[in-house]
Amino acid sequence: MSLLKVPPQVDVLVIGAGFAGLYAHYKLRGIGLTAFGFEAAPDVGGTWYWNRYPGARCDVESLDYSYSFSPELLDDWRWSERFATQPEILRYAEHVADRFDLRRDIAFATRVTACSYDDATATWTIRSDRGETIRCRYLIAAVGGLSLPKPPEIPGLENFAGRWLQTSAWPHEPVDVAGKRVGVIGTGSSGIQVIPILAQQAAHLTVFQRTPNYSVPALNGPVDPAYEAHVRADYTAHHRANRQTKGGVPARINTGVSAMSVTPEERQAQFEKAWGFGTFSLQAVFNDLTTHPKSNAAGAAFVHAKIRKIVKDPATADKLLPKTFPFGTKRLCLDTGYYATFNRDDVTLVDLRASPIERITASGIRTSDADHPLDLIVFATGFDAVTGPLLALGIAGANGVALRDAWADGPQSYLGLMVAGFPNLFTVNGPSSPSVLANMLQTIEHHVDWIADCIAHAEHRGFDRIEARADAQTSWAQEVADMADKTLYTKAESWYMGANVPGKPRVFLMYIGGLDRYVDRVEAIVRDGYAGFAFSRVRVPEERL
Ligand code: NA7
């Protein structure tokens, strides 16, 4: 970790040194702008720096969850597993930082506390928790969508005599759970990954489940040499093809037809094929699983039958069946032995809908019908997603308007890239872009490339102020909402809808039309002279930073 001297001013300030921030530094150097970065963590990696709980893995295949911007990087990196573990992904981020010497302009262990725009000079002033101040002409928030964990919100935690941890801030040193009674709260992706591992190590594991989730076997293993050879044969074509898909990954098991257009036998056979392949195929194998109620019910029934088959105790199996939201409308989880974990004698499943948590006591967790003695409590309770990390930056735009106020009724953004009233501020994977609905490495590269091109476009024409127009933003928001309303996603109480954070406006946070369609739309907007964006000149060049 280095504590860099912060320059007083720079062309572009990049917040975050995860995959988005790292690539932004690389890209900005390429167009000749000076860039500096702040990163709250002591080193690079973002999500993969913090989420180091046992079992943490990516749910996108490693060969696709890779940068595509550098053929040399593609050539000199080898993934060991189909779905890489957190340590391997973090090593990859570190390798990228080393290879392109990206750390030299990033102040680590430094959190941004305030960002304010000055109309008179078209510049941003950024403040950090170390008391530093820096001015920049352009500000890029590359803060990640899942970087602000929800605080543990269960009363009595301060009285707990044991230890408690969050999956999203797991310690660097190994956590010894041998001989311990461990409780896990939360059965989203993080819980579903950590639970099977903790079950193998702890004396007893108690899983506190509020909402059962749909999970499919990841079927992890070494990277498939045939697939690797196929990808390496023509990286550029592979990554270009990925960008032309809905999810930013190859649709490898995909009939392209409605689940209702085939016979029940054929439907079952295709679901089995997808289940046996891993990845998100089970959600993509038919084209209407998240839009057509009957198709969706067929997908749900298929997973329910699998759970009933894997879990030996019928009452436990019943508790694990997701029934309160449509199949696939909360992020599907990929697991390794999750449901089978509940066949162990040393694992207990507590259904919080039947017996809610009342409080944490000195000795464990008290639900409405029992005391559960514990030595360690693990919170896998999720994040204030997408908007939370942006709002935490303390952003005030033109005329001093706070982003928090501008978004009081829900986020407004044009393409997830810029916000009207906040000139020269760019967001990577901001609200109303595909973000987590597609392969994040693809969406990151697309956004960063776009931002760099947009800044270069302005600079070459002598402009120093870029802003999304309010009317364009409003119609984009409408389009995004209309698309979401045509699906079943809006029926779930999910973090996609902001429903997991008390008081958060209920808005579907992503563009659901697919990465391919989104990229086409954005390209058309650029061809149309950056339609919906206003470029202007505030200061003559000699007066600029
Ligand atoms: P998620 O998917 O938001 O899951 C959080 C889990 O924690 C979920 O089961 C929640 O139940 C549960 N939760 C949250 N707060 C509470 C309280 N107060 N009491 C009991 N249970 C609670 O977060 P993850 O970290 O697992 O995954 C986030 C993303 O990371 C994932 O989608 C992948 O993209 C990677 P609920 O469903 O709200 O009833």
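Residues numbered from 1 in each chain as written. Predicted model: local features only at pLDDT ≥ 70, side-chain atom pairs only at ≥ 80, totals over all residues. Heavy atoms only, no water.

K.L.:
How would you summarise the overall build of the protein if you had to cite specific residues and measurements?
P.N.:
Looking only at helices and strands, the protein has 17 helices and 20 strands in total. Since a compact globule built from 545 residues should have a radius of gyration of about 24 Å, the 24 Å found for the protein is in line with a globular shape. The C-alpha extent of the protein, read off along each of the three principal axes, is 75 × 55 × 45 Å. By residue count, 57% of the 545 residues in the protein fall in the buried class. Sequence-distant contacts in the protein: of pairs separated by 6 or more residues, those separated by 24 or more amount to 72%. Summed over its atoms, the accessible surface of the protein is roughly 21,600 Å², and 52% of this surface lies on carbon and sulfur atoms. Each charge class in the protein can be summarised by its mean position, and for the 55 positive and 60 negative side chains these summaries are 2 Å apart. (Helix = DSSP H or I, 4+ residues; strand = E, 2+ residues; numbered from the N terminus. Rg over C-alpha atoms; globule rule 2.2 N^0.38 Å. Buried < 20%, exposed > 50% of the residue type's maximum accessible area, 1.4 Å probe, protein only. Contact = heavy atoms within 4.5 Å. Areas by Shrake-Rupley, 256 points an atom, 1.4 Å probe, with all protein chains shown as cover. Lys, Arg positive; Asp, Glu negative; His and termini not counted. Charge placed at Lys NZ, Arg CZ, Asp CG, Glu CD.)

K.L.:
I'd like a rundown of the packing of helix α1 (residues 19–30) against helix α15 (residues 440–460), residues and numbers included.
P.N.:
Two elements in contact, α1 and α15, have axes whose closest approach is 9 Å; the angle formed by their N-to-C orientations is 35°. As for how α1 packs across α15, the hand of that crossing is right-handed. Facing Phe19, Ala20, Tyr23, Ala24 and Lys27 of α1, the residues of α15 in contact are Leu441, Ile444, Glu445, Val448, Asp449 and Ala452. For the contact of α1 with α15, the class distribution of residues is 8 nonpolar, no polar and 3 charged. (Axes fitted to C-alpha atoms, helices over the stretch in contact; angles between N-to-C directions. Left-handed = near helix turned anticlockwise from the far one by under 90°. Nonpolar A, V, L, I, M, F, W, Y, C, P; charged D, E, K, R; others polar.)

K.L.:
Tell me what's going on with the sheet that holds strand β16 (residues 376–379), and back it up with residues and numbers.
P.N.:
If you walk across this open sheet you meet the 5 strands as β7-β16-β8-β9-β12, and the pairing is parallel. Looking at which strands have only one partner, the edges of the open sheet turn out to be β7 (163–166) and β12 (347–351). When the angles between neighbouring strand axes are averaged without regard to direction, this sheet yields 20°. Pairing of strand β8 (residues 181–185) with β16, which is carried by 4 bridges, proceeds in the parallel orientation. Bridging across to β16, Ile185 finds its partner in Phe379. (Pairing = 2+ DSSP bridges.)

K.L.:
Could you give an account of the pairing of strand β5 (residues 123–128), naming the residues involved and the relevant values?
P.N.:
Among the 6 residues that make up β5, 5 are buried, leaving the element largely enclosed by the rest of the structure. Inspection of the sheet shows strand β4 (residues 112–118) paired to β5 by 6 bridges, in the antiparallel sense. Bridge pairing links Val112 to Ser128 in β5. Taking the residues between adjacent antiparallel strands as the criterion, β4 and β5 are bridged by 4 residues, where Ala122 takes a positive phi near 55°. Bridge count between β5 and strand β6 (residues 133–141): 4 bridges; the pairing is antiparallel. The partner of Thr125 across the bridge, within β6, is Arg135.

K.L.:
Go over the environment of Val386, please, and point to the residues and values.
P.N.:
Looking at the element boundaries, Val386 is found in the loop between β16 and α13 (387–391). The class of Val386 is buried, set by a relative accessible area of 4%. Each C-alpha atom, one on Val386 and one on His204, is 35 Å from the other, the two residues being 182 residues apart in sequence. Not counting residues within four places of it along the chain, the set of residues in contact with Val386 comprises Gly145, Asn429, Gly430, Pro431, Leu509 and Met510.

K.L.:
Could you give an account of the site of the ligand, with specific residues and numbers?
P.N.:
What surrounds the ligand is a group of 19 residues, the closest being Ser190, Arg210, Thr211, Lys330 and Arg331. Residue Thr187 places a main-chain N or O atom 2.9 Å away from an oxygen atom belonging to the ligand. With respect to the ligand, the side chain of Lys330 contributes an N or O atom lying 2.8 Å from an oxygen atom. For the shell around the ligand, the per-class residue count stands at 6 nonpolar, 8 polar and 5 charged. (Near = heavy atom within 4 Å. Polar contact = N/O pair within 3.5 Å; in protein donor to acceptor, adjacent residues only side chain to side chain.)

K.L.:
Help me get a handle on the domain arrangement of the protein, residues and values and all.
P.N.:
Entries for the protein in the domain assignment read domain 1 (9–148 + 385–543) and domain 2 (157–379). Distance between the C-alpha centres of domain 1 and domain 2: 28 Å. The interface of domain 1 with domain 2 comprises 49 residues on the first partner and 50 residues on the second. Both faces combined, the contact of domain 1 with domain 2 buries some 4,200 Å², and carbon together with sulfur accounts for 53% of it. (Domains from an automatic or database assignment. Buried area = accessible area lost by both parts, 1.4 Å probe.)

K.L.:
Any details on the sheet that holds strand β14 (residues 364–367)? Residues and values, ideally.
P.N.:
The antiparallel open sheet is built from 3 strands, whose spatial order is β13-β14-β15. Whereas interior strands pair on both sides, the edge strands pair on one side only; in this sheet they are β13 (357–360) and β15 (370–373). In this sheet, adjacent strand axes meet at a mean angle of 20° when their direction is disregarded. Where β13 and β14 come together, 3 bridges link them in antiparallel fashion. Paired with Arg359 across the two strands is Arg366, which belongs to β14.

K.L.:
Quick rundown of the packing of aromatic side chains? Include the residues and the values.
P.N.:
Enumeration over the complete set of coordinates arrives at 40 aromatic pairs. Note on Trp77 and Trp79: the rings are 5.5 Å apart at their centroids and 75° apart in plane angle, and the pair reads as edge-to-face. Residue Trp77 is classed as buried on the basis of its relative accessible area of 14%. Three or more aromatic residues joined by ring pairs make a cluster, and in this case those are Phe19, Tyr23, Tyr26, Trp48, Tyr65, Tyr67, Phe69, Trp77, Trp79, Tyr92 and Phe100. A cation sits over an aromatic face here: Arg82 above Phe277, 4.8 Å from the ring centre. The ring centre of Phe325 lies 5.0 Å from the NZ or CZ of Lys330, which sits over that ring. (Phe/Tyr/Trp six-rings, centres within 6.5 Å; stacked < 30°, edge-to-face > 60°. Lys NZ or Arg CZ within 6 Å of the ring centre and 35° of its normal.)

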